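Tertiary structure, described
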Protein chains: 2
Amino acid sequence: MSQKRTAFFISDRTGITAENLGHSLLSQFDSIAFRTVTLPFIDAPGKAQAAVAQINAAHQADGQRPIVFSTLLLPAERALIEQSGALILDLFEMFIEPLETEFGIPSSHAVGRSHAAGQNYSARMDAVNYTLNHDDGGISRELHRADIVLVGVSRCGKTPASLYLALQFGIYAANYPLVAEDFSGNALPATLHGLEKKLYGLTIRPERLHQIRSERAPDSHYAALENCRYEIKQAEKLMRQFNIPHLDVTGISVEEIATTLLHQTGLRR
Amino acid sequence: MSQKRTAFFISDRTGITAENLGHSLLSQFDSIAFRTVTLPFIDAPGKAQAAVAQINAAHQADGQRPIVFSTLLLPAERALIEQSGALILDLFEMFIEPLETEFGIPSSHAVGRSHAAGQNYSARMDAVNYTLNHDDGGISRELHRADIVLVGVSRCGKTPASLYLALQFGIYAANYPLVAEDFSGNALPATLHGLEKKLYGLTIRPERLHQIRSERAPDSHYAALENCRYEIKQAEKLMRQFNIPHLDVTGISVEEIATTLLHQTGLRR
């Protein structure tokens, strides 16, 4: 079962949609090692011809025809790509026609709408700025404006999760660390009082936290497995005590963390 | 042409793939105002039944059947959703079969692979930390480790673009502001010397910059249209003088900015 396959993600825009769906589909065939190539901005016949040359070269090198995931809308460029010997999975063609039938109107076949800067763009950028200012306990006087406040021990993933919520969904996501003083006092940080309903806890398995912290501060007390165990145990105790919903983020991606939080808190995306 | 339609994005995981493709497809029908609902984590029959109830309620409210974009893999849950009266566009069903035929092996039909934390996850998180430390000229002594250094005037979009490059692609993206001293001296900031090949300029139309800055500091010299015109003219002059490739980001999304930079610089994603 040693197939060698190249998959191309081809788009007249960023290629992000083709990449996302293509990766999801390829991950269902885990015995094959795919090489993936993204070819964005294929918006002129010359670029499509160059893409075909790349596809054909991969075909020859692999000895198997490549797979093309395409979101191309431009007819001339599509026609060129179709002349390659690849298996072409055209994400738009498959779905545009049933939608046209359903709605009883033709689609606009307009390029570049999918990621156009919408009216919520400023809101997303405002959220990024807010989140940067409220990372790791920053500028606490504006914490009340947060949509959600992530809490957890150092290095459990609060920052990337907050940024993803802001960038992707325009959520004002602050984060605040739980530290030794909170554990000894058996209380939430004073800054968080009154914000209980916005709190969401992230937790992680001690072995993984040990690994993450060791990359930065090897052989430190901070990174020691025993200390990681202690901090996580205490943090989880606080979360239970104050009824803070929480999620074990070990082994799950930042996309999944963000989506889970939105889902569980009911925040609009 | 006043159709009222609800579109559902349904998944046994985050729903991000269904959302991305679904939004792209719906944007091709711009005369219809869609209401969109994402139902992630539909991984139990009870949840699928609740989803069907929501679909049917939307059907009744709209007087038109809803559209369902689905990446469900679980058979029992899929069967339940199919019993709703919606138009179901099953993103996996459409493509998994041709891929199985092509590869000559069955797909694993395993849920949750698409966004699983891969081996590059730590790398992405490292990139986020690096980018946060090197936002807006921070910690310049490690600038040489950057994969790319975005330059441009204040508020032209350097920070969100850097963060997106880091979060999505694991790129070490620093950013450095161009300020009045650089313009009067007609030179790049001294910190950037030796990094010329990593520099990438962002620019923006003065009217848009004026708008963005006015939201933060109304009636300031900083936000004045005349000052925005001056700063952008000077910044672009520096970019041309030092052969820094640059991009006008007015009206394009952070996804498009990031993808364009990767494409033009040849950085691996």
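Residues numbered from 1 in each chain as written. Chains lettered and ligands numbered in written order. Predicted model: local features only at pLDDT ≥ 70, side-chain atom pairs only at ≥ 80, totals over all residues. Heavy atoms only, no water.

1. Structural notes on the domain arrangement of chain A
Put simply, an interface is often sized by how much accessible area is lost when its parts join up. Rules: What fixes the domain bounds is an automatic or database domain assignment.
By domain assignment, chain A separates into domain 1 (4–103) and domain 2 (121–265). On a C-alpha basis, the centroid separation for the pair domain 1 of chain A and domain 2 of chain A is 39 Å.

2. With respect to the relation of the copies chain A and chain B
Just so we agree on the cut-off: Overlaid copies result from least-squares superposition on C-alpha atoms, with residues included only where pLDDT is at least 70 in both. Here, residues are in contact when the closest pair of their heavy atoms is within 4.5 Å.
You can overlay chain A on chain B at an RMSD of 0.0 Å; the transform is a turn of 180° with a shift of 0.0 Å along its axis. The superposition operator between the copies reduces to a two-fold rotation axis. A shared interface surface links the copies, since 99% of the contact residues of chain A are contact residues in chain B too.

3. Section: the pattern of salt bridges
Put simply, the test is: The salt bridge definition used is simple: a Lys or Arg side-chain nitrogen within 4 Å of an Asp or Glu carboxyl oxygen. Under the scheme used here, helices are H or I runs from DSSP no shorter than 4 residues and strands are E runs no shorter than 2 residues, and both carry numbers assigned from the N terminus. The buried label applies to any residue whose accessible area, calculated with a 1.4 Å probe on protein chains only, is under 20% of its type's maximum; exposed applies above 50%, and partly exposed to all values in between.
Using the criterion set out here, one finds 24 salt bridges over all chains in the structure. Between Arg78(A) and Asp90(A) there is a salt bridge, and its shortest N-O distance comes to 3.2 Å. Here Asp90(A) lies in strand β4 (residues 87–90) and Arg78(A) lies in helix α3 (residues 75–82), a separation of 12 residues in the sequence. Pair check on accessibility: Arg78(A) and Asp90(A) agree, each one buried. A salt bridge links Arg5(B) to Glu102(A); the shortest N-O distance between them is 2.9 Å. In this pair, Arg5(B) is assigned in strand β1 (residues 4–10) and Glu102(A) in helix α4 (residues 91–103), connecting two distinct chains. With respect to class, Arg5(B) is no different from Glu102(A); both count as buried. One connected set of salt bridges, linked through shared partners, spans Arg5(A), Arg65(A) and Glu102(B).

4. As for the environment of Pro66(A)
Relative to the helices and strands, Pro66(A) is located in the loop between α2 (45–62) and β3 (67–70). When residues no more than four places from it in sequence are discounted, the contact partners of Pro66(A) are Thr6(A), Phe8(A), Ile55(A), Ala58(A), His59(A), Ala86(A) and Leu87(A).

5. Observations regarding the interface of chain A and chain B
Operational definition: Buried area, as used here, totals the accessible surface that two parts lose on assembly, with accessibility defined by a 1.4 Å probe and the loss added over both.
Counting residues at the interface gives 81 residues for chain A, matched by 80 residues for chain B. Surface buried jointly by chain A and chain B totals about 7200 Å² across both partners, of which 63% is contributed by carbon and sulfur atoms. Ranking the residues of chain A by area buried against chain B places Gln28(A), Phe95(A) and Phe103(A) at the top, with a combined share of 11%. Our count for the contact surface shared by chain A and chain B stands at 10 salt bridges. The partner of Arg13(A) in a salt bridge is Glu256(B), and the shortest N-O contact between them spans 2.3 Å.

6. Some words on helix α6 (residues 158–169) of chain B
Two residues of an α-helix separated by three or four positions point the same way, owing to the 3.6 residues in each turn. Residue and element names in this part refer to chain B. Under the convention used in this document: In this scheme, a helix's expected span is set at 1.5 Å multiplied by one less than its residue total.
Helix length check: α6 (12 residues) gives 16 Å between terminal C-alpha atoms against 16 Å at 1.5 Å per residue, within 8%. For α6, the full list of buried residues reads Lys-158, Thr-159, Pro-160, Ala-161, Ser-162, Leu-163, Tyr-164, Leu-165, Ala-166, Leu-167 and Phe-169. Count one or two residues on from α6 and you reach Gly-170, which has phi positive near 70°.

7. Side note on the packing of helix α2 (residues 45–62) of chain B against helix α3 (residues 75–82) of chain B
A packed helix pair is summarised by two numbers, namely the angle formed by the two axes and the spacing between the axes. Residues and elements named next belong to chain B. Heads up, the rule is: Only the stretch in contact is used when fitting a helix axis, every axis being a line fitted to C-alpha atoms; angles between N-to-C directions are given from 0 to 180 degrees. Angle categories: roughly parallel below 35 degrees, roughly antiparallel above 145, roughly perpendicular from 65 to 115, and oblique for all the rest. We call a crossing left-handed when the near helix sits turned anticlockwise from the far one by less than a right angle, and right-handed when that turn is clockwise. Amino acids outside the nonpolar list (Ala, Val, Leu, Ile, Met, Phe, Trp, Tyr, Cys, Pro) and the charged list (Asp, Glu, Lys, Arg) are all regarded as polar, and Gly is one of them.
One can describe the packing of α2 onto α3 by two numbers: an axis separation of 9 Å at closest approach and a directional angle of 20°. Between α2 and α3, the interaxial angle falls into the category roughly parallel. As α2 runs across α3, the sense of the crossing is right-handed. Packed against α2, whose contacting residues are Pro-45, Ala-48, Gln-49, Ala-51, Val-52 and Ile-55, the element α3 presents Glu-77, Leu-80 and Ile-81 at the interface. Residue composition of the contact of α2 with α3, by class: seven nonpolar, one polar and one charged.

8. Some remarks on the sheet that holds strand β5 (residues 148–152) of chain B
For sheets, the rule is that strands pair by backbone hydrogen bonds, running either parallel or antiparallel. Residues and elements named next belong to chain B. Put simply, the rule reads: A pair of strands is labelled paired if DSSP reports no fewer than 2 bridges between them.
In spatial order, the strands read β6-β5-β7-β8; together these four strands make up an open sheet with parallel pairing. Both edges of this open sheet fall to β6 (173–177) and β8 (246–248), since each of them pairs with a single strand only. Along the sheet, successive strands turn relative to each other by an average axial angle of 25°, direction set aside. Packing against the sheet, α6 makes contact with β5, β6 and β7 (199–203), and its axis sits at approximately 170° to β6. Helix-sheet contacts for helix α10 (residues 254–265) involve β5, β7 and β8, and the interaxial angle to β7 is about 145°.

9. What to know about the packing of α4(A) against helix α1 (residues 16–26) of chain B
Where α4(A) meets α1(B), the closest approach of the two axes is 10 Å, and the angle between their N-to-C directions is 55°. Looking at the two axes, α4(A) sits oblique to α1(B). Remark: the crossing between α4(A) and α1(B) carries right-handed chirality. Within the contact between the two elements, α4(A) uses Leu91(A), Phe92(A), Phe95(A), Ile96(A) and Leu99(A) and α1(B) uses Leu21(B), Ser24(B) and Leu25(B). Here the contact of α4(A) with α1(B) is composed, by residue class, of seven nonpolar, one polar and no charged.

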